[in-house]
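# Structural description and commentary
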Protein chains: 4
Amino acid sequence: MPLKTPEEYLESIKRDLNLYMFGEKVNEFWKHPIIKPSINTVMKIYELAQIEEYKDLMTVKSHLTGEVVNRFTHIHQSVDDLIKKVKMQRLLGQKVACCFQRCVGFDAANALYSVTYEMDKKNSTNYHERFKNYWIDVQNQDLMVDGAMTDTKGDRGKRPANQTDPDQYLHIVDENDDGIFIKGAKVHQTGWINSHRAIIMPTLALKPGEEEYAVSFGVDTDAKGITMILGRQSCDTRKLEKNKLEVGNYKYGGSETFVVFDDVFIPNENIFMKGEVEFSGELVNRFAGFHRQSYGGCKVGVGDVLIGATSLLTEYHGVDKASHVRDKLIEMIHLNETLYCCGIACSSQGFQRESGNYEMDMLLANVCKQNVTRFPYEISRIIDDLVGGIICTLPSEADLKSEKVGPLLKKYLSVCDGVSVEDRYKLLRFIENISMGVAAVSYKVESMHGAGSPQAQRIMIARQANLEEKKQLIKDILDID
Amino acid sequence: MPLKTPEEYLESIKRDLNLYMFGEKVNEFWKHPIIKPSINTVMKIYELAQIEEYKDLMTVKSHLTGEVVNRFTHIHQSVDDLIKKVKMQRLLGQKVACCFQRCVGFDAANALYSVTYEMDKKNSTNYHERFKNYWIDVQNQDLMVDGAMTDTKGDRGKRPANQTDPDQYLHIVDENDDGIFIKGAKVHQTGWINSHRAIIMPTLALKPGEEEYAVSFGVDTDAKGITMILGRQSCDTRKLEKNKLEVGNYKYGGSETFVVFDDVFIPNENIFMKGEVEFSGELVNRFAGFHRQSYGGCKVGVGDVLIGATSLLTEYHGVDKASHVRDKLIEMIHLNETLYCCGIACSSQGFQRESGNYEMDMLLANVCKQNVTRFPYEISRIIDDLVGGIICTLPSEADLKSEKVGPLLKKYLSVCDGVSVEDRYKLLRFIENISMGVAAVSYKVESMHGAGSPQAQRIMIARQANLEEKKQLIKDILDID
Amino acid sequence: MPLKTPEEYLESIKRDLNLYMFGEKVNEFWKHPIIKPSINTVMKIYELAQIEEYKDLMTVKSHLTGEVVNRFTHIHQSVDDLIKKVKMQRLLGQKVACCFQRCVGFDAANALYSVTYEMDKKNSTNYHERFKNYWIDVQNQDLMVDGAMTDTKGDRGKRPANQTDPDQYLHIVDENDDGIFIKGAKVHQTGWINSHRAIIMPTLALKPGEEEYAVSFGVDTDAKGITMILGRQSCDTRKLEKNKLEVGNYKYGGSETFVVFDDVFIPNENIFMKGEVEFSGELVNRFAGFHRQSYGGCKVGVGDVLIGATSLLTEYHGVDKASHVRDKLIEMIHLNETLYCCGIACSSQGFQRESGNYEMDMLLANVCKQNVTRFPYEISRIIDDLVGGIICTLPSEADLKSEKVGPLLKKYLSVCDGVSVEDRYKLLRFIENISMGVAAVSYKVESMHGAGSPQAQRIMIARQANLEEKKQLIKDILDID
Amino acid sequence: MPLKTPEEYLESIKRDLNLYMFGEKVNEFWKHPIIKPSINTVMKIYELAQIEEYKDLMTVKSHLTGEVVNRFTHIHQSVDDLIKKVKMQRLLGQKVACCFQRCVGFDAANALYSVTYEMDKKNSTNYHERFKNYWIDVQNQDLMVDGAMTDTKGDRGKRPANQTDPDQYLHIVDENDDGIFIKGAKVHQTGWINSHRAIIMPTLALKPGEEEYAVSFGVDTDAKGITMILGRQSCDTRKLEKNKLEVGNYKYGGSETFVVFDDVFIPNENIFMKGEVEFSGELVNRFAGFHRQSYGGCKVGVGDVLIGATSLLTEYHGVDKASHVRDKLIEMIHLNETLYCCGIACSSQGFQRESGNYEMDMLLANVCKQNVTRFPYEISRIIDDLVGGIICTLPSEADLKSEKVGPLLKKYLSVCDGVSVEDRYKLLRFIENISMGVAAVSYKVESMHGAGSPQAQRIMIARQANLEEKKQLIKDILDID
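All residue numbers refer to positions counted from 1 along the written sequence of the respective chain. A letter from A marks each chain and a number from 1 marks each ligand, given out in the order of writing. Where totals are concerned, whole chains, interfaces and linings use all residues; where local detail is concerned, this predicted model gives features only for residues with pLDDT of at least 70, and gives and counts side-chain atom pairs only at 80 or more. Only hydrogens and water are set aside when side-chain values are computed; all heavy atoms of the structure are taken into account.

### Describing the relation of the copies chain A and chain D
Expressed as a screw operation, the relation of chain A to chain D combines 0.0 Å of axial shift with a rotation of 180°, fitting to an RMSD of 0.0 Å. Seen this way, the second copy is the image of the first under a two-fold rotation axis. Of all interface residues in chain A, 100% are interface residues in chain D too; the two copies therefore contact each other through one and the same surface. We superpose the copies by least squares over the C-alpha atoms of residues that have a pLDDT of at least 70 in both of them. The contact criterion used throughout is that any non-hydrogen atoms of two residues lie within 4.5 Å.

Structure (structure tokens):
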């Protein structure tokens, strides 16, 4: 059985990376306190897949190999698979309260599976076979695969070829019989450094004349020519401090990488699109669709933790019986479950592509993500309300532990009888972290921009909603020709 | 096959009713212009069930009789049944743009099916068999069945037995060997007069000592002792005017009836609950749950028509290309599809009861309805924005047709070339009707209060959301005992 | 003193109008039940001006005549005048719970006062003197003056001159030494028929080549060549029924008129703009600004009545102590007072024009109106929530009074002890009327479109907000050149 | 003239404090990088008061001394003073984009001025004279005065005297002929360490039996027995890093202090309330009212900077012409100006107290603050939308400057031609800081909880809104007795 244990996964990613942080090269990144939580998070995926209770969600029999594989490497074979994907994502969100980073490659694979099939059908290429072989390898080794879409884009008002610097959109700069050479950068890469591989896709729908930008391929994350620079995040350096509770969610987290490709060579067998501009838009849309579905699971799981944390804290403070507190908790639940409804609905209404795999409903997946750009913000606002101003005035853990002022803080931070000051402190830091720290990156900004900014969904909603059909409905009722 | 044609249905409801309107008894109600649209609407249900294209949604094989029956009489046997219910409701909403009135009895039957089973199991009663027999009859005759829940309630701060007038909650006032006698009133009955039968349920969860109020039964809508008074609706009398376009949706509509029971006799075989206070709450919840699911279909269908109408009107006016207009249409679609997501999700996550039938997910159904109390209002606000002030200043159809001022109106109501003034007039009246007329009753106030007022859903959301489990999630992450 | 009594006002508007309704000419319109409430409303203005308690708000010393005049005819001479205008409007909204129709002309006059001054200064015309003379007459006779802006516009995608029918925008069609001839139509005229005069303005900012549309003038509402057609409103014909409580707000209301100009002659002395396209935009903006300010008063007053009505009804129903009910009432108050803040603020920040009169702050007035397009809708949604479904299922007053079913209704419509069924009935009809009836025209659609649709305010907000200055602020803080 | 220069202010606060941070005593706090920005901010107040352009807003003639004083020490003598207060606050928000910390003491003084007068009038005490003398000293020395209200509160479900630890609410623990001894803690003290003095007030309305908690007094911030512990804030330690741009707003900021009183002696002449429980609620309300007014100025000024920053960044990115971008900027402006309307309106409607000073309108001030708990969150959400995901994935300034990866980042972070990468970097960090860093503390959490949490305003809104009067309005219209 190809399922890696968490420890095996950890060992397997210990490799030398061309990775920079704070202007310095990072060695043995897997030991770095700023990066470690993101590795812990991925390890949790491998861990849960080993536990009987979660096997139904976390694993599935591959249609490619017949083996039981981690669901994150699965190509959906049914509506049930689509629904279980969302449930698995909610489960993981509940366990780690942050982005677990393995969805992007997962969603990219499911998009490529059908798009390569359709390209081949039209153009007699053999991308689909290539991709299947590539992915069988992923399944057999239970690899962590990232996906990469967002280019740096330069002047957003210009097409790729009109940029002052043509590398603002990742593109093919050369080729030979064995493969192609790639230049450009992919940004906002949440799981790059702790992934084995990555699938690269174009960042937008391309037009004839833009063939060099219509490129998709698999690449080892540590391939020659790749430079990684870790992004800064709010409160990142708290992870370097000796008092771990300051971190908030001190076990789990994410990291964001700026990935530069400098004449990276991609062998032919790993290329899944090369110049097919007419399919680039569809690849973008399908990947985005799958990924917009994902948010109806993962962010809901994080929401569950937040609701639990807020509820617990109101108990600690002795305000949990107040009617306005109860009502605000209900509102949080309502909004969170509305997101879940969207995640489930776009899965439930999935359909089979000609290539055999199942795809979510595109309209509802975009509706799902559009709500994700709104409700986590409102949930977070309610949390700020319920937890009180103390989340931004709480003294340091060092003060809490100090001989001098520690006793004062312990005295004055006491709340209801029987509640430990340390537990209250943990919750407050956890919530500060979600409201304004590292976790806000994942719960808020990523909810806004991950899988496409709000306007991207609105464009898709406009396209998917059959306005002509709706106009016919009213014409029928009112006898308008 | 037991499927009635629309005409057979119409014939079958031609009966003498003890019905009052404007202080007068109504004879041959099926000819009354104020009531006719609501009959047309129900006829549409029977009509669609005859059409090949819609058979998959509109009909289904009964597990009770083995016959193909109208889905509105079906006891759900699978998750697929639950999903098709919602799709059928969206379809009907699209065809009639109003409440089609056959869901209440449908939802009541599905709730009673499992509750009677569970009562029998606990108390060795035989309600389940009774109910099945009663319902087989309904299926075999393709009967239109209403459901009735809301009592008049008197002083809302007091329990039923503490009311100054004990009849404020419908109750058993007497009984003999053959049956019981009922007194009280059921209000907000949308489909009573054009239904053959009705299922009566308690209006709230009852407590020991309130046994006389814990009563559920089937009754013929024209049973002896029943008095009906038709409720007024905004713009109801426009249907009495000679110019039909003034009505807006001149084909379809609903009607609301105030139903008074004065010592109505119910024979034993039609009684499905009698004094089982401990099951009353569950009957209320399950019915409400099924009915809150329903709103994720029917109101979405109406929303489709409204989006179509608004879109068409912006074309007529020549503003459909304006970016703010397009964006508002997208917002309407987004909100409407979010409701649909909720309807689909609570169906998709349905489960099987011990009695064998399937039930929606209770939490998500309440989330669905809670959104229905919000989004149609916002959709309606956007419509008011997009269509312009003319919906409340438009002169009468009589003026439009008059020799004197008709030409002036035709001249000045012209918009884009090629658009007929009459078509514009139709759309404006249709939208006025939704915004402020008869249809606002159904699209707005019913969205607010049908299947329970907003606070009722919040109470259920609080109950269904497992807060303890959510608190455990954060305790696990932060190592809090 | 030029203040008319209400009775004098009533007598003074008894004139023969070329007015149509339901395809028929209306004679003695002041007796017509559909129109009477709008006359009552205006009479209330005259009545309050006679009452000592209200004199400070309702009257003011004219700077033109030195006489005490009704404030509705005043040209603002100070910030205090601007603030009192808003307070007077709130007061009137509280007294009549609908549009009182005298603001449009009031706001038009205040806009024309400074624009005519500036035109004269630039072009050596004498519009300002003309206008002052015209307005002195208005003050001396305490005339009710309407204002008219909205043209029928035809294809909204085309300029006036490109319309298929050039009359879609009101324009000068001919002229002679004594004056001009006008053709076109002005729609959405709330107070036309019960006004003595009207001030006509262009509907948008015009460009060179569109001089014939750049016209403003005063006109008697019954001038030769004017045809009026009364607009239909939701539930208008309830006012024709014999049971007055059905009307809801049975004393007060508004009416909307479609006014057609067919070669109407305007003598030179009543012309205040003729071809000055470069000032047309400023006239539109100033009028709109004053009128957007007005909404921060009148709708707030109506909101006060609605809050009172809803609060009273929740008492009648016995739910006024429920925490969610109290919270929703607070939300209504909060939203209503936020509108008032906007009305007060744009007045408080008013400034003096070169012509000497005072003008509201343009940015804040637009912010005010933009909120008016949102909050009354939300207030209305909360009302629908708090009052219950009964507002759309309540039987007729005739049923309530009938011998047959009246006793049943009285029994079952009883609520808390001591509450009369008739009082409850009055409140329910009043609220139905606001939610879906005649009053919804004024409280909702007029809030949306009166003084310009939402997008119009957004354009003004964009223009008025000094973005360059705001960019400089951040440049200063971050030392960006 | 008593106006200090910024440099004089800086010198005057260089004193030894019993201040802790990260478990260590802080020496020469004015040099500490984490604290310095908050001192810079206060210096800006002193600086602007020296500049001719700002004198009208920043300074005013004292009614106590006849001297020109900094407005932050003024007791409002007119409505104009109240309005200028708000304008001064907007100005300062525009200059520093954060909390400038001098309002709390300012608002406390204005509340105490009238409450002491009224206590004296009722009880023949001499608090008012004491307070005036105390405050004349403040004016003459142009002192920075903090205000302190929030106690630690322990179990929020219990009254002060029922707490397990009686010190959870600050109280008098002993007294002698010369004064009183104080124990307890005041939290969320934004400007304590860089203030010369502080005014202490009770945290809630007290009841008979709670006299020891009904205490108000002035105290030197470095008085014997006071221990200060600096609160942590998101990203606080970035200020310790060598690359200053990482800080975002690297010049200005705030700091939050936890202040513990351990038997602090207060001499009689500095005591302004001692046991007058019946006035404690009024002191809390008036202070809160003045402070809720303040938010209608300061947060609007910060909002101006944010709108400028976002607008500038969209230009840099080349998306400023997109209609949805423009529309979102308009929405930000609209929300920001709505807050300003509330700040202005509650000032404009101010009134004179018997003590002679002017107070804002209490209802509108609470409405103002309630909006502040909402709109900055929505503005911030829009900012997150418009600026893109890069705010949470941007590599460090050290990377940008490094020889190794700096050139890569400069290449790929380029946007529109002519935009410097460093300027873009500054804006992104500034916005990250507002969205998730130190400035989020001030713009979001402080907007939520400063001057009282949302529920506190709702309680006041309910109390201030005259519901009885509103009920009378509808009774008058409907002739209900």
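There's more to say after this.
### Examining helix α4 (residues 79-96) of chain B
Residue and element names in this part refer to chain B. Taking 1.5 Å as the rise per residue, α4 with 18 residues should run 26 Å; its terminal C-alpha atoms sit 26 Å apart, in good agreement. Taken across its 18 residues, α4 has 15 buried, putting it largely inside the fold. Polar contact is the term for a pair of N or O atoms within 3.5 Å; when the atoms are in protein, one must be able to donate a hydrogen and the other to accept it, and sequence-neighboring residues count only if both atoms are side-chain atoms. Where helices and strands are cited, they refer to DSSP runs of H or I of at least four residues and of E of at least two residues respectively, numbered from the N terminus. You can read the cap of α4 off the contacts: a side-chain oxygen lies 3.3 Å from the backbone nitrogen of D80, and it is on S78. Residue A97 follows α4 closely and has a positive phi angle near 60°. Any helix carries an expected span of 1.5 Å times its number of residues minus one. Relative accessible area decides the class of each residue, using a 1.4 Å probe on protein chains only: under 20% of the type maximum gives buried, over 50% gives exposed, and in between gives partly exposed.

### Thoughts on empty space enclosed by the protein
Residue and element names in this part refer to chain D. Grid points spaced at 1 Å over the protein atoms alone were grouped into cavities, where a 1.4 Å probe fits but cannot get out, and pockets, open sets with protein on both sides within 12 Å along at least five of seven lines, with lining residues defined by an atom within 4 Å of a point. Grid points are joined across faces, edges and corners, and a volume is the space filled by probe spheres set on the points. For the structure shown, the criterion picks out 17 cavities of 30 Å³ or more. Size it by volume and the largest cavity reaches roughly 140 Å³. Space inside the second largest cavity adds up to approximately 120 Å³. Surrounding the second largest cavity, 16 residues form its lining, V247, N249, N433, V438 and A439 being those nearest its centre. If you list the elements that add at least two residues to the lining of the second largest cavity, you get α13 (421-436) and α14 (438-449).

### Thoughts on the confidence of the model for chain A
One number per residue, pLDDT, summarises how confident the predictor is, and it ranges from 0 to 100. Per-residue confidence for chain A gives a mean pLDDT of 97; residues scoring 70 or more make up 100%. On the interface metric, ipTM, the complex scores 0.97, and its pTM is 0.98.

### Thoughts on the interface of chain C and chain B
In many reports, interface size means the accessible area that the parts give up when they come together. At the junction of the two partners, chain C supplies 82 residues and chain B supplies 82 residues. Using a 1.4 Å probe, buried area is obtained as the accessible area two parts lose upon being combined, added over both of them. Of the roughly 6,500 Å² buried between chain C and chain B on both sides combined, carbon and sulfur atoms contribute 59%. Any Lys or Arg side-chain nitrogen found within 4 Å of a carboxyl oxygen on Asp or Glu counts as a salt bridge. Joining chain C to chain B, the criterion identifies 10 salt bridges. In this structure, K158 of chain B and D417 of chain C form a salt bridge, with 3.7 Å as the shortest nitrogen-oxygen distance. The interface formed by chain C and chain B contains 39 residue pairs in polar contact (both at pLDDT 80 or more). The greatest single-element share of the side of chain C that touches chain B, amounting to six residues, is contributed by helix α14 (residues 438-449) of chain C. The nonpolar class holds Ala, Val, Leu, Ile, Met, Phe, Trp, Tyr, Cys and Pro. Asp, Glu, Lys and Arg form the charged class, and all remaining residues, Gly among them, are polar. A per-class count over the side of chain C that touches chain B returns 31 nonpolar, 26 polar and 25 charged.

### Re the sheet that holds strand β8 (residues 197-200) of chain D
All names here are of chain D. At least two bridges found by DSSP between two strands is the condition for calling them paired. Here four strands make up an open sheet; going across it, the order is β5-β8-β9-β12 and the pairing mixed. In this open sheet, the two edge strands, each paired with only one partner strand, are β5 (145-148) and β12 (271-274). Across this sheet, the average inter-strand angle for adjacent strands is 20°, counted without regard to direction. As paired strands, β5 and β8 are joined by four bridges and run parallel to one another. Bridge assignment links D146 to a residue of β8, and that residue is A198. In this analysis an axis means a line fitted to C-alpha atoms, helices contributing only their contacting stretch, and an angle means the value between N-to-C directions, from 0 to 180 degrees.

### Looking at the packing of helix α8 (residues 323-348) of chain C against helix α9 (residues 362-372) of chain C
How two helices pack is summed up by the angle between their axes together with the distance between the axes. Residues and elements named next belong to chain C. Where α8 contacts α9, the two axes come as close as 8 Å, and the packing angle between them is 160°. The orientation of α8 relative to α9 falls into the category roughly antiparallel. Classified by chirality, the crossing of α9 by α8 is left-handed. Between α8 and α9, the contacting residues are L339, C342, G343, A345 and C346 on the first element and L364, A365, C368, N371 and V372 on the second. Residues belonging to the contact of α8 with α9 are distributed by class as follows: eight nonpolar, two polar and no charged. Each angle receives one of four descriptions, namely roughly parallel if under 35 degrees, roughly antiparallel if over 145, roughly perpendicular if within 65 to 115, and oblique otherwise. Crossing handedness: left-handed means the near helix sits turned counterclockwise from the far one by under a right angle, and right-handed means the same turn made clockwise.

### A look at the relation of the copies chain C and chain B
The relation between the two chain copies is a rotation about an axis coupled with a shift along that axis. Expressed as a screw operation, the relation of chain C to chain B combines 0.0 Å of axial shift with a rotation of 180°, fitting to an RMSD of 0.0 Å. Residue by residue, 100% of the interface of chain C is reproduced at the interface of chain B, so both copies engage with the same surface.

### Side note on helix α2 (residues 36-48) of chain D
Residues and elements named next belong to chain D. Compared with an ideal rise of 1.5 Å per residue, which puts 13 residues at 18 Å, α2 spans 18 Å between its outermost C-alpha atoms and is within 8% of the ideal. The buried fraction of α2 amounts to 10 of the 13 residues, a majority that puts the element mostly inside the structure. Contacts from the buried residues of α2 go to α1 (6-12), α3 (55-58), β4 (68-70) and α4 (79-96).

### Here's the deal with the environment of L363 of chain D
Mapped onto the fold, L363 of chain D is located in helix α9 (residues 362-372). Along the primary structure L363 of chain D and A111 of chain D are separated by 252 residues, whereas in three dimensions their C-alpha atoms are 16 Å apart. Once residues within four sequence positions are removed from consideration, L363 of chain D is found in contact with E337 of chain C together with I461, Q464 and A465 of chain D.

### Considerations on the sheet that holds strand β6 (residues 171-176) of chain D
All names here are of chain D. Spatial strand order, β2-β1-β10-β11-β7-β6: six strands in an open sheet with mixed pairing. Both edges of this open sheet fall to β2 (24-25) and β6, since each of them pairs with a single strand only. Pairing geometry for β6 and strand β7 (residues 179-189), over five bridges, is antiparallel. In the sheet register, E175 faces β7, and the bridge partner there is I180.

### As for the environment of T65 of chain D
All names here are of chain D. The topology assignment puts T65 in the loop between β3 (59-61) and β4. For T65 and H291, which are 226 residues apart along the polypeptide, the C-alpha to C-alpha distance reads 24 Å. Excluding residues that lie within four positions of it along the chain, T65 makes contacts with I136, Q139 and N140. At 3.0 Å, the side chain of T65 and the backbone nitrogen of E67 are in polar contact.

### Focus on the nonpolar core
One broad trend across soluble globular proteins is that nonpolar side chains are buried collectively. If you look at the biggest cluster of nonpolar residues, it comprises 174 residues, and the most contacted ones within it are M58 and F430 of chain A together with F29, W135, W192, V219 and F261 of chain B. The leading source of residues in this core is helix α7 (residues 277-317) of chain A, at 11 residues. Membership of the second largest hydrophobic core comes to 173 residues, among which are V104, L112 and I199 of chain A together with V260 of chain C. Only buried residues count toward a nonpolar core. Its members are Ala, Val, Leu, Ile, Met, Phe, Trp, Tyr and Cys residues joined through side-chain atoms within 4.5 Å.

### So, the pattern of salt bridges
Considering all chains together, one arrives at 184 salt bridges over all chains under this definition. Of the charged contacts, one joins E337 of chain A and R90 of chain A as a salt bridge, the two residues approaching to 2.8 Å between their closest N and O atoms. With E337 of chain A in helix α8 (residues 323-348) and R90 of chain A in helix α4 (residues 79-96), this residue pair connects regions lying 247 residues apart in the sequence. R286 of chain B is paired through a salt bridge with E359 of chain B; the nearest N and O atoms lie 3.8 Å apart. Of the two residues, R286 of chain B sits in helix α7 (residues 277-317) while E359 of chain B sits in strand β14 (residues 358-359), which places them 73 residues apart along the sequence. Put simply, R232 and D236 of chain A together with R238, E241, E246, R429 and E432 of chain D are held in one network by salt bridges that share partners.

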